[in-house]
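Notes for the structure review
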Amino acid sequence: MYSILEVPYHMGLEDVAVGKGPTALLRAGVDQLLAEKSMPPQVTHIRPRDLRNQGLELVIDINRMLRYAVKDAVEQESVPVALAGNCNAALGVLAGLDTTQLGIVWFDKHADFHTPETSLNGSIEGMALAIAAGHCHQQLAERIGFGPPISDHNIVLAGVREMERGERERIETSWVSVHAWDSLALLPVALEQLKARVEAVYLHVDTDVLDVVPEVARWVGLVRETLPLAAVSVTNYNPDLDPEGDRALAIAEVIRRLAPGRVL
Ligand SMILES: [Mn+2]
């Protein structure tokens with residue numbers, strides 16, 4: 001059973017750029033794809049508690065609220081699926097999970113493995129995975145309520161094409177299992193190895209990966225078949241850049257593969 005968490009923000013701003021994505025996807029009916037016995041899952045709209053906040057403080061506040069919603073969903077024995085603007089929503093989702101026996105499977109065109117030392121723009125958007133792994137911004141993670149970080153050994157990153165130099169060096173010297181967009185052949189092996197080490201995984205799909213791995217839905221199906229899902233995030237869809245709705249259809253296919261019995 002799934003429950004959907006709508007996180008319609010871009011750097012804390014509601015319904016701006018990729019912040020429009022979650023609502024657009026729901027309007028297109030993606031929740032119906034996860035319906036059980038023709039009952040679509042419950043949708044919870046995440047709202048910051050303190051509207052006086054701005055910038056990073058607002059991002060932290062939204063992720064805290066997301067954490068509570070994830071905990072609620074888990075308590076009700078349902079698997080939270082966050083539809084989010086930014087990839088930093090991964091932090092709020094992970095904060096709501098027990099991270100001690102948890103792995104991460106992260107599909108993304110970028111590595112999101114910057115730290116403030118390697119980032120050219122300083123934005124936490126390029127750091128989400130590095131923060132989840134405990135490589136930087138520990139204080140920010142603590143304020144969101146993040147438990148123990150996820151060990152590099154238990155992280156699989158797939159579909160990546162674009163990395164800046166400092167980020168590439170960081171990822172190459174880490175234990176993250178990296179599968180570039182054009183060489184996914186060993187991904188099934190990595191998923192099997194991950195299965196031996198963790199109880200469940202957090203699955204993250206930055207939909208920009210569709211630019212380079214159009215068949216990502218198939219891989220998502222494989223992840224779901226191989227490993228128990230603790231939670232899922234689908235991020236980074238901007239409907240303004242998708243006038244024909246092709247990208248929305250491809251994302252719907254990704255979400256459809258989460259539903260049991262619909263992998264093929
Ligand atoms: Mn990303």
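Structure's up top.
Keep in mind the model is a prediction, meaning the values are calculated, not measured.

The rules behind each value
- Residues numbered from 1 in each chain as written.
- Predicted model: local features only at pLDDT ≥ 70, side-chain atom pairs only at ≥ 80, totals over all residues.
- Heavy atoms only, no water.
- 1 Å grid on protein atoms, 1.4 Å probe; cavity = no way out; pocket = protein on both sides within 12 Å on 5 of 7 lines; lining within 4 Å.
- Points joined across faces, edges and corners; volume = space filled by probe spheres on them.
- Nonpolar A, V, L, I, M, F, W, Y, C, P; charged D, E, K, R; others polar.
- Donors = N, O, S within 2.8 Å, 3.2 Å for Na, K, Ca; no water.
- Helix = DSSP H or I, 4+ residues; strand = E, 2+ residues; numbered from the N terminus.
- Buried < 20%, exposed > 50% of the residue type's maximum accessible area, 1.4 Å probe, protein only.
- Phe/Tyr/Trp six-rings, centres within 6.5 Å; stacked < 30°, edge-to-face > 60°.
- Lys NZ or Arg CZ within 6 Å of the ring centre and 35° of its normal.
- Pairing = 2+ DSSP bridges.

This part is about the layout of surface pockets. Size it by volume and the largest pocket reaches roughly 370 Å³. Lining the largest pocket are 21 residues, and of these His 110, Asp 112, Asn 121, Glu 125 and Gly 126 sit closest to its centre. Class assignment for the residues of the lining of the largest pocket results in 4 nonpolar, 9 polar and 8 charged. Looking at the second largest pocket, its volume works out to about 160 Å³. Along the walls of the second largest pocket sit Met 1, Tyr 2, Ser 3, Leu 34, Glu 36, Met 39, Pro 40, Pro 41, Gln 42, Gln 76 and Ser 78, which together make up its complete lining.

In the first shell of the manganese ion, the protein supplies Cys 87 (SG), Asp 108 (OD), Asp 112 (OD) and Asp 206 (OD), at 2.1 to 2.5 Å from the metal. Here the donor residues for the manganese ion map to a single chain with the spacing C-x20-D-x3-D-x93-D. Of this pair, Cys 87 sits in the loop between β5 (79-84) and α3 (89-95) while Asp 112 sits in the loop between β6 (102-107) and α4 (128-132), and the two are 25 residues apart along the sequence. Considered together, Cys 87 and Asp 112 belong to a single accessibility category, that of buried residues.

Time to look at the packing of aromatic side chains. Evaluation of the coordinates by the stated rule reveals 0 aromatic pairs. The aromatic ring of Trp 181 is capped on one face by Arg 161, whose charged end is 5.6 Å from the ring centroid. Directly above the aromatic system of Trp 219 lies the positively charged group of Arg 218, at a separation of 5.4 Å from the ring centroid.

Of all the 6 residues making up β6, 6 are buried; the element is thus mostly covered by neighbouring parts of the structure. Burial along β6 is two-sided: the face carrying Leu 102, Ile 104 and Trp 106 and the face carrying Gly 103, Val 105 and Phe 107 are both buried. Both β6 and strand β9 (residues 200-206) contribute to a ladder of 6 bridges, which runs parallel. Its bridge partner lying in β9, Leu 102 is registered against Ala 200. Pairing geometry for β6 and strand β7 (residues 155-160), over 4 bridges, is parallel. Note that in β7 the partner of Trp 106 across the bridge is Leu 157.

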